[in-house]
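Single-letter residue listing:
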Amino acid sequence: MATVEYEGNTFNVDEDGFIDSFDGWTKEWVQYVKLQEGIDELNEEHWMVINVLQDYYKKNGIAPMVRILSKLTKFKLKHIYELFPSGPGKGACKMAGLPKPTGCV
Amino acid sequence: MVDIPKPEELIKKTDTPLPSKRWENIPADLSPGKFCYPTKQKSLEYLDLPTPGREWSPADEEWPLPENWQEIIHEGFKERLEKYRSLKVFMDICVRCGACADKCHFFIGTGDPKNMPVVRAELLRSIYRNDFTTAGKILGKIAGARKLTPAVIKEWFSYFYQCTECRRCSVFCPYGIDTAEITMMARELLTLVGLNINWILEPAANCFRTGNHLGIQPHAFKEMIDFYCDDIEEVTGIRIDPSFNRKGAEILFITPSGDYFADPGIYTMMGYLLLFEHIGLDYTLSTYASEGGNFGLFTSADMVKRLNAKMYIEAKRLGVKWILGGECGHMWRVIHQYMDTLNGPADFLEAPVSPITGTKFENAASTKMVHIMEFTADLIKHDKLKIDPSRNDNKVVTFHDGCNPSRGMGLLEEPRYVIKNVCNNFYEMPENTIREQTFCCGSGAGLNTEEIMELRMRGGLPRANAVKYVHDKFGVNLLACICAIDRASLPPLMNYWVPDVGVTGVHELVGNALVMDGEIERTSDLRFEPLNDETPEGNKGEADE
């Protein structure tokens, strides 16, 4: 498995650079993905999306459907894209340490 | 993830001249972006499948083959030739006439001769000749035989995961060779030595673990359905309260998990819920059998059987009379062509009869499973639905026949009949691209994964091209389909090639048109888009990722 070194932390990542296990998530990971994503500064809204994603994941073992994410954060999908240019999956879920969903999606 | 070229660049690369070397002498291209990621160890272990014992990438020079891999493949091949007479016939009878050669969407989109179905089959057939025929054993290369080497395994992995098992080639084969079954056999053999792809086997493992491919647990499943019921109430004023795992219900309804997780499938789910409410159907949803799809089909017969059995075990446990299945594609290839001999006949259920019209579904007398398109077409035929098709007037619709419902079960008229009754604007794509000649979405059979996006856009080009034709000619802005893989894979395909065309399930259109008793005046469709919006539908950036 590939690893990523960032500010003294080592993260195991999959082929697409997602963290291999939610247990390995730390706040430094967020800073690392932030650089990859080209986001200048994380504001409260970014953190709200990350927190909602993580809470949902802890409860349900999967990432929320986009519309549920939108409902829980009260952000329109368009706004989520503004916050995370790669989108809720590749941007926000990656930053929050969630795996990608597989199947008919 | 490898970036893919822009459409105008990619289109120029599809007209590749044939290589000057013979196909046997060209190694498979397994550079990044050209292969699907291998299955993660944890999913293989979960499914009790052979594991390679270490992490690996198809781009690696050395693949993690077990020490006796040639023996495993040989014995596995032998066992399957004895078990499936069809495989032996398909290996023997091809005369290499080439009728199939240009019928494959991957050949059209890549220009790679190994994507001609005849050559794809030849990858396996050459080993068959070498190992199992006298001519091949004696004459070797002259008889089209070749030895099984690691390069052949790499080639199999590359090209049998560049086939969507769509069976368009089989329609044109004068011998009726089912090339999908050749791909299935090759994938089985690869699985025996631990080689397969994560996009297929993680869903299969999830399906055993939580009931569905996406790994949605029972409480989350219920929460999602409740969420759609909230949306339905907002649009229609009608509150629907479906039951879960309810013993004694007349009908068990099973649909692919994409219908309750992914855009735009979720609107199709709302359509089902509205329809069942409209007719007062006595049905239940199951959190155990919460998956209509069967990614086992893309791995092995054994895995198909294990996943398919869940539906019937649940139907038996709940004591329902029969099973109604949602808009899914490959699910119906399994039900229609394999279920009966794998797990059937399902004698503990009753031959399906529509409780609303009294129609007996003779075609499902043995499997006890009815496709929702047959069910709804029958309702409309008997005038049991109150429909206002004008609510879909801002939608100019064409229909994509899913490979499996069309070629796998002959479901050609029902979806068209339903669409024409719930929509006023319907146009067919050219005749050699629909019905039994339909072109694949380019992402079926477990290939709807992002790491091969360029291949998917190439494979989907013939389908997209036909959509573009009706878009340009008739102003089509919506592509309807009855398959969850289609609903997942056609939006990116349309965004890439025909960006003004959106994607919908047929029951989303039904849900929009249904006039419910006691409903409020509808001002928006199920996507909360205004009913009389004249602007084209488009994909509106709703699809995840």
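Residues numbered from 1 in each chain as written. Chains lettered and ligands numbered in written order. Predicted model: local features only at pLDDT ≥ 70, side-chain atom pairs only at ≥ 80, totals over all residues.

## What to know about the domain arrangement of chain B
Residues and elements named next belong to chain B. Along its sequence, chain B is organised into domain 1 (7-30 + 50-195) and domain 2 (203-513). Summarising the inter-unit geometry, the C-alpha centres of domain 1 and domain 2 are found 31 Å apart. Facing the 20 residues of domain 1 at the interface are 23 residues of domain 2. Of all the secondary structure elements, the ones that give two or more residues to the side of domain 1 that touches domain 2 are α1 (7-12), α5 (105-110), α9 (168-172) and α10 (179-192). Partitioning the side of domain 1 that touches domain 2 into residue classes produces eight nonpolar, seven polar and five charged. (Domains from an automatic or database assignment. Contact = placed C-beta atoms within 7 Å. Helix = DSSP H or I, 4+ residues; strand = E, 2+ residues; numbered from the N terminus. Nonpolar A, V, L, I, M, F, W, Y, C, P; charged D, E, K, R; others polar.)

## Section: the packing of helix α15 (residues 301-318) of chain B against helix α16 (residues 330-342) of chain B
Between two packed helices, both the angle of their axes relative to each other and the distance between the axes serve to describe the pair. Residues and elements named next belong to chain B. The contact between α15 and α16 brings their axes to 10 Å, and the two run at 95 degrees. With respect to α16, the element α15 is oriented roughly perpendicular. Together, V304, K305 and N308 of α15 and V334, Y338, M339 and L342 of α16 make up the contact between the two elements. Residues that form the contact of α15 with α16 fall into these classes: five nonpolar, one polar and one charged. (Axes fitted to C-alpha atoms, helices over the stretch in contact; angles between N-to-C directions. Parallel < 35°, antiparallel > 145°, perpendicular 65-115°, else oblique.)

## Some details on the packing of helix α8 (residues 150-160) of chain B against α10(B)
Residue and element names in this part refer to chain B. Interaxial distance between α8 and α10 falls to 10 Å at its minimum, and their mutual angle equals 130 degrees. It follows that α8 is oblique to α10 by the angle criterion. Crossing handedness for the pair α8 and α10: left-handed. Two secondary-structure elements touch here, α8 through W156, F157 and F160 and α10 through T183, A186, R187 and L190. (Left-handed = near helix turned anticlockwise from the far one by under 90°.)

## Considering the interface of chain B and chain A
Between chain B and chain A, the contact holds 29 residues from the first and 20 residues from the second. Of the residues in the side of chain B that touches chain A, the class split is 15 nonpolar, seven polar and seven charged.

## With respect to the sheet that holds strand β6 (residues 478-481) of chain B
Residues and elements named next belong to chain B. Taken in spatial order, the three strands line up as β5-β6-β7 in an open sheet, and their pairing is parallel. Looking at the sheet topology across the chains shown, the edges are occupied by β5 (397-399) and β7 (502-505). In this sheet, neighbouring strand axes are inclined to one another by 35 degrees on average, regardless of whether the strands run parallel or antiparallel. Bridging between β6 and β7 involves four bridges; their strand directions are parallel. Within β7, the residue paired with L478 across the bridge is G502. Along the sheet, helix α23 (residues 506-513) makes contact with β6 and β7, crossing β7 at roughly 80 degrees. (Pairing = 2+ DSSP bridges.)

## Here's the deal with helix α11 (residues 198-210) of chain B
Each turn of an α-helix holds 3.6 residues, which means side chains three or four residues apart point in the same direction. All names here are of chain B. For α11, which comprises 13 residues, the first-to-last C-alpha distance of 17 Å matches the rise-based estimate of 18 Å (1.5 Å per residue) to within 8%. Taking burial as the measure, the 13 residues of α11 include 11 buried ones, the bulk of the element. Looking at α11, one finds that the buried residues are N198, W199, I200, L201, E202, P203, A204, A205, N206, C207 and T210. Contact partners of the buried residues in α11: α2 (41-46) and α15. Phi turns positive, to about 105 degrees, at G211, one or two residues after α11. (Expected span 1.5 Å × (residues − 1). Buried ≥ 20, exposed ≤ 12 C-beta atoms within 10 Å, placed from the backbone.)

## A few points about the nonpolar core
A general tendency of soluble globular proteins is for nonpolar side chains to be buried together. With 177 residues, the main nonpolar core has A:L53, B:I419 and B:M494 as its most contacted residues. The greatest single-element share of this core, amounting to eight residues, is contributed by helix α14 (residues 265-279) of chain B. Counting only domains with at least three residues in this core, you end up with domain 1 (7-30 + 50-195) and domain 2 (203-513) of chain B. (Core = buried A, V, L, I, M, F, W, Y, C linked by C-beta atoms within 7 Å.)

## Notes on the pairing of strand β1 (residues 2-6) of chain A
Here is the key point about a regular strand: its side chains alternate between the two faces of the sheet. All names here are of chain A. Among the five residues that make up β1, zero are buried, leaving the element largely open to the surroundings. One ladder, built from five bridges, connects β1 with strand β2 (residues 9-13); its direction is antiparallel. Bridge pairing in β2 links Y6 to N9. In this structure, the hairpin formed by β1 and β2 is closed by a connection of two residues, where E7 is found at a positive phi of approximately 45 degrees.

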